[in-house]
There are 2 protein chains.
Amino acid sequence: MAEPIFDRLAIIGAGLIGSSIARAARDYGAAGEIAIVDASQQVMARVRELGIADDAGGDMAQALKGADLIIICTPVGVCGVVAQAIAPHLEKGAILSDVGSVKGAVVAQIAPHVPAGVHFIPAHPLAGTEFSGPDAGFATLFQNRWSILTPLEGADASAVARLANFWTRIGAKVETMSPEHHDKVLALTSHLPHLIAYNIVGTADDFGEQTRSEVIKFSASGFRDFTRIAASDPTMWRDIFLNNREAVLEMLGRFNEDLSALQRMIRRGDGEGLFDFFTRTRAIRRSIVEQGQDTSAPDFGRR
Amino acid sequence: MAEPIFDRLAIIGAGLIGSSIARAARDYGAAGEIAIVDASQQVMARVRELGIADDAGGDMAQALKGADLIIICTPVGVCGVVAQAIAPHLEKGAILSDVGSVKGAVVAQIAPHVPAGVHFIPAHPLAGTEFSGPDAGFATLFQNRWSILTPLEGADASAVARLANFWTRIGAKVETMSPEHHDKVLALTSHLPHLIAYNIVGTADDFGEQTRSEVIKFSASGFRDFTRIAASDPTMWRDIFLNNREAVLEMLGRFNEDLSALQRMIRRGDGEGLFDFFTRTRAIRRSIVEQGQDTSAPDFGRR
Ligand SMILES: NC(=O)c1ccc[n+]([C@@H]2O[C@H](COP(=O)([O-])OP(=O)(O)OC[C@H]3O[C@@H](n4cnc5c(N)ncnc54)[C@H](OP(=O)(O)O)[C@@H]3O)[C@@H](O)[C@H]2O)c1
Ligand SMILES: NC(=O)c1ccc[n+]([C@@H]2O[C@H](COP(=O)([O-])OP(=O)(O)OC[C@H]3O[C@@H](n4cnc5c(N)ncnc54)[C@H](OP(=O)(O)O)[C@@H]3O)[C@@H](O)[C@H]2O)c1
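What counts and how
Residues numbered from 1 in each chain as written. Chains lettered and ligands numbered in written order. Predicted model: local features only at pLDDT ≥ 70, side-chain atom pairs only at ≥ 80, totals over all residues. Heavy atoms only, no water. Near = heavy atom within 4 Å. Polar contact = N/O pair within 3.5 Å; in protein donor to acceptor, adjacent residues only side chain to side chain. Helix = DSSP H or I, 4+ residues; strand = E, 2+ residues; numbered from the N terminus. Nonpolar A, V, L, I, M, F, W, Y, C, P; charged D, E, K, R; others polar. Contact = heavy atoms within 4.5 Å. Buried area = accessible area lost by both parts, 1.4 Å probe. Salt bridge = Lys/Arg side-chain N within 4 Å of Asp/Glu carboxyl O. Buried < 20%, exposed > 50% of the residue type's maximum accessible area, 1.4 Å probe, protein only. Areas by Shrake-Rupley, 256 points an atom, 1.4 Å probe, with all protein chains shown as cover. Pairing = 2+ DSSP bridges. Axes fitted to C-alpha atoms, helices over the stretch in contact; angles between N-to-C directions. Domains from an automatic or database assignment. pLDDT = per-residue confidence, 0-100. Arc of directions from axis to C-beta. Least-squares fit on C-alpha atoms with pLDDT ≥ 70 in both. Right-handed = clockwise from strand over helix to strand, strands pointing away.

Q: Please set out the site of ligand 1 residue by residue, giving values where relevant.
A: Residue and element names in this part refer to chain A. Taken together, the neighbourhood of ligand 1 is formed by 26 residues, with Leu16, Ile17, Asp38, Ser101 and Gly133 sitting nearest. In the environment of ligand 1, a nitrogen atom lies 3.2 Å from a nitrogen or oxygen atom belonging to the backbone of Ala39. Listing elements by their share of the shell around ligand 1, those giving two or more residues are helix H1 (16–27) and strand S6 (123–125). A class-by-class count of the residues in the shell around ligand 1 yields 14 nonpolar, 11 polar and one charged.

What follows is the structure, encoded as structure tokens:
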């Protein structure tokens with residue numbers, strides 16, 4: 001196996017993402033030692049049972065001692081508090097990163113606490129499932145998935161390259177962009193789809209018991225796909241919408257305009273308009289499958 | 001193998017659904033002989049190549065001779081024309097059915113053409129994929145999926161039972177309800193989700209080339225699920241929205257109300273409201289997985 005890229009990796013927050021990074025870093029030899037700290041005693045106990053860290057004692061100062069890569073993997077809403085708590089223990093030359101699904105607000109929360117001499121390089125791996133917690137993680141989560149780095153102006157190039165190497169070693173493809181650009185792209189590719197999915201499932205839930213049970217029974221006709229997305233962690237998604245408000249509201253505005261147009265076509269019986277609209281959207285699916293971003297198997301290949 | 005339920009099955013329209021019924025009827029011995037007619041010469045040629053019919057000569061009078069079950073499997077928009085064309089060839093005692101995704105409008109189109117002595121029993125199998133045409137079909141498509149029968153008032157009970165047996169034989173579970181009720185339930189479980197999926201993919205498509213290519217690249221963060229649904233056949237979906245206008249517009253109205261509420265929570269930074277909303281929607285997913293309507297594997301189990 002190739003040399004580890006970091007001597008000691010410290011992960012703060014051992015949920016789906018944090019525990020997956022720990023497992024992957026060990027399996028692919030990306031870090032010499034791995035320390036994990038989580039605010040929850042229950043999670044720490046489970047981390048010890050799973051045996052996915054070399055140091056799971058739970059003491060922050062101890063965990064960060066000698067750590068040259070620290071990744072904050074908590075929900076976005078507590079990133080600032082966590083950064084403040086760990087700041088005194090960060091060593092000169094270390095790289096501090098995170099995995100938050102929003103970048104602008106995370107930078108605003110974390111940056112003020114970063115001591116001089118520590119390289120703060122925000123990141124966001126585009127990988128996850130609808131499950132959360134340390135048991136949901138697995139080492140291959142990042143295989144062939146993007147990890148987006150959003151280094152701030154004047155960031156140290158060699159530190160950025162080292163972090164990129166880390167992600168590549170655990171299977172990801174790395175892309176770099178500004179925090180603002182990240183937040184716009186993700187508002188469209190991830191945050192808006194999740195909002196819409198939550199909303200349509202909510203609409204069904206508003207009906208009485210009888211309709212709700214029929215919706216569940218006949219969900220395979222389209223609805224069930226939305227329920228998977230809408231089963232994602234409420235804390236994570238609350239934090240995303242609170243912290244990427246502007247970009248999400250902009251995308252939602254555009255979505256609403258388009259939906260009004262479709263609604264008008266249905267009301268007026270404009271078959272040609274509907275047909276054209278439904279034809280246009282097929283090209284995007286084709287590109288996604290061609291670029292290996294999804295399976296071409298009918299119905300995602302599920303049975 | 002058990003006795004065939006029908007002596008001769010005639011299928012009009014050999015796309016995904018028609019060709020799947022033909023394959024299933026043969027594999028599970030549900031019909032003695034199978035005839036297929038399609039308006040397209042190309043489709044007929046392919047049906048002969050695939051060898052999925054006993055009679056694929058293409059002559060309507062010939063195909064319907066002796067047929068005791070006739071299923072119209074064309075797009076919803078041409079059901080009336082098809083019914084008119086086949087009416088003179090329907091034999092007394094035969095069952096005429098269809099597979100249209102909308103029932104009220106299909107009944108209105110077909111019923112006036114049904115000769116006395118022929119049992120018209122509309123049906124809708126809740127099974128399909130995002131692909132279409134005779135090559136997309138397969139014999140196991142209906143396994144463990146619902147097929148909804150919507151018999152009209154005064155329908156012959158033994159004819160309904162025989163059609164139910166047919167669907168059961170090819171793997172489906174049968175449910176009976178009125179056409180109006182069907183159209184309301186499906187507006188919520190299928191038509192609205194498809195409309196929303198088409199719309200969000202359209203919103204992304206409206207952006208310039210650069211954004212569009214980033215959306216495709218980073219689609220795995222949520223967006224790709226919507227593109228699969230929005231890759232469904234444009235003709236089929238145009239016909240569905242034109243023919244289930246009222247129920248779809250009603251569901252869309254409710255969806256819009258809920259979306260405005262979510263939008264307001266985001267704008268006001270109402271974290272508690274968002275958290276509650278996102279928690280409520282998880283229960284529906286749990287029921288869907290428990291009732292075997294979807295896989296519990298993370299990310300639909302796809303890789
Ligand atoms: N899930 C995804 O699909 C995905 C994908 C990419 C990025 N992300 C990002 O990854 C981050 C974590 O998401 P996740 O899915 O891994 O969430 P998760 O499974 O819920 O894990 C978060 C962990 O952080 C712990 N925690 C909370 N507050 C803490 C604190 N102050 N100090 C230390 N630990 C704390 C939580 O403990 P408790 O459970 O006791 O609160 C939990 O164990 C989020 O920022 C999210 O935006 C998620
Ligand atoms: N796809 C699904 O998921 C699904 C699920 C349940 C029910 N349904 C319903 O099933 C029906 C068929 O859908 P599908 O997915 O099987 O569509 P499809 O694959 O496009 O097949 C429809 C077939 O009907 C042929 N056709 C069109 N007009 C005709 C006519 N006047 N006479 C004879 N054949 C004609 C078409 O030929 P051309 O291609 O040359 O036009 C095509 O071969 C629709 O009513 C739909 O609502 C679909």
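Q: Outline the interface of chain B and chain A, listing residues and values.
A: Counting from both sides, the interface comprises 104 residues of chain B and, opposite them, 103 residues of chain A. Carbon and sulfur atoms supply 66% of the area that chain B and chain A bury against each other, a total of about 10,000 Å² over both sides. On the chain B side of the contact with chain A, Phe218(B), Ile266(B) and Phe278(B) bury the most area, a combined 7% of that side's loss. Here chain B is connected to chain A by 12 salt bridges. Note that Arg228(B) is salt-bridged to Asp299(A), the shortest N-O span being 3.2 Å. Linking chain B with chain A are 40 residue pairs in polar contact (both at pLDDT 80 or more). Per-element tally for the side of chain B that touches chain A: the top contributor is helix H7 (residues 179–206) of chain B, with 21 residues. Here the residues of the side of chain B that touches chain A sort into 49 nonpolar, 29 polar and 26 charged.

Q: Got a sec to walk through unusual backbone geometry? Specific residues and values, please.
A: For Asn144(A), which is not glycine, the phi dihedral falls at a positive 65°. Counting through the fold element by element, Asn144(A) comes out in the loop between S6 and strand S7 (146–149).

Q: Tell me about the side chain of Asp225(A), and please be specific about residues and values.
A: In this structure, Asp225(A) sits in helix H9 (residues 223–229). Classification of Asp225(A) by relative accessible area gives buried; the value is 3%. Separated by 2.9 Å, the side chains of Asp225(A) and Arg228(B) make a polar contact. Apart from residues no more than four positions distant in its own chain, Asp225(A) is found in contact with Phe300(A), Arg302(A), Asp225(B), Arg228(B), Ile229(B) and Phe300(B).

Q: Which residues make up the site of ligand 2, and what are the values?
A: All names here are of chain B. Around ligand 2 sit 26 residues in total, of which Leu16, Ile17, Asp38, Ser101 and Gly133 are the nearest. Residue Thr74 places a main-chain N or O atom 2.9 Å away from an oxygen atom belonging to ligand 2. Protein contacts shield 79% of the accessible area of ligand 2, which totals 890 Å² for the unbound molecule. Mapped by element, the contributors of at least two residues to the shell around ligand 2 are helix H1 (16–27) and strand S6 (123–125). Looking at the shell around ligand 2, its residues break down into 14 nonpolar, 11 polar and one charged.

Q: Tell me what's going on with the sheet that holds strand S2 (residues 31–37) of chain B, and back it up with residues and numbers.
A: Residue and element names in this part refer to chain B. Read from one edge to the other, the open sheet built from five strands follows the order S2-S1-S3-S4-S5, with strand pairing classed as parallel. Looking at strand neighbours, the two that pair on one side only are S2 and strand S5 (119–120), the edges of this open sheet. Contacts from helix H6 (residues 157–169) reach strand S1 (6–12), strand S3 (69–72), strand S4 (95–98) and S5 within the one sheet, and its direction differs from that of S1 by about 75°.

Q: So what about the sheet that holds strand S8 (residues 173–176) of chain B? Which residues, and what values?
A: Residue and element names in this part refer to chain B. As summarised here, the arrangement of the three strands in space is S6-S7-S8, forming an open sheet in which the pairing is mixed. If you trace the sheet from one side to the other, it starts and ends with S6 and S8, each paired once. Taking the axes of each pair of neighbouring strands and ignoring which way they run, one obtains an average angle of 20° across the sheet. Bridge count between S6 and strand S7 (residues 146–149): three bridges; the pairing is antiparallel. Note that in S7 the partner of His124 across the bridge is Ile148.

Q: Which residues make up the domain arrangement of chain A, and what are the values?
A: All names here are of chain A. Domain boundaries assigned for chain A yield domain 1 (6–177) and domain 2 (181–269). Summarising the inter-unit geometry, the C-alpha centres of domain 1 and domain 2 are found 30 Å apart. Facing the 16 residues of domain 1 at the interface are 15 residues of domain 2. When domain 1 packs against domain 2, close to 1,200 Å² is buried across both sides, 64% of that on carbon and sulfur atoms.

Q: Pulling in residues and values, what's your account of the confidence of the model for chain A?
A: Residue-level pLDDT values for chain A average 95, and 100% of them are 70 or greater. Confidence estimates for the predicted assembly give a pTM of 0.92 and an ipTM of 0.92.

Q: Describe in detail helix H4 (residues 79–86) of chain B, supporting the description with residues and values.
A: All names here are of chain B. Restricting attention to buried positions, one finds in H4 the residues Cys79, Gly80, Val82, Ala83 and Ile86. Projected onto a plane normal to the axis of H4, the buried residues spread over an arc of 165° and lie on a single side. In H4, those exposed residues whose orientation departs by more than 90 degrees from the buried face are Val81 and Gln84. In this fold, the buried residues of H4 make contact with S1, helix H3 (60–64), S3, S4 and helix H5 (104–110).

Q: Tell me what's going on with helix H10 (residues 234–243) of chain B, and back it up with residues and numbers.
A: If you check which residues of H10(B) are buried, you get Pro234(B), Trp237(B), Asp239(B), Ile240(B) and Phe241(B). Buried residues along H10(B) sit against helix H11 (245–268), helix H12 (271–280) and helix H13 (282–290) of chain A together with H7 and helix H11 (245–268) of chain B.

Q: Describe the relation of the copies chain B and chain A, and please don't skip the residues or the numbers.
A: For the pair chain B and chain A, the best superposition has an RMSD of 0.0 Å and corresponds to a rotation of 180° with a translation of 0.0 Å parallel to the axis. Taken together, these values place the two copies in the relation of a two-fold axis. By residue overlap, the copies meet face to face through one surface: 99% of the interface positions of chain B are interface positions in chain A.

Q: Go over the pairing of S7(B), please, and point to the residues and values.
A: Residue and element names in this part refer to chain B. Side chains Trp146 and Ile148 project from S7 onto one buried face, and the interleaved Ser147 and Leu149 project onto a second face that is buried too. Pairing between S7 and S8: four bridges, direction parallel. In the sheet register, Ser147 faces S8, and the bridge partner there is Val174. Read as a crossover between parallel neighbours, the route from S7 over H6 to S8 is right-handed.

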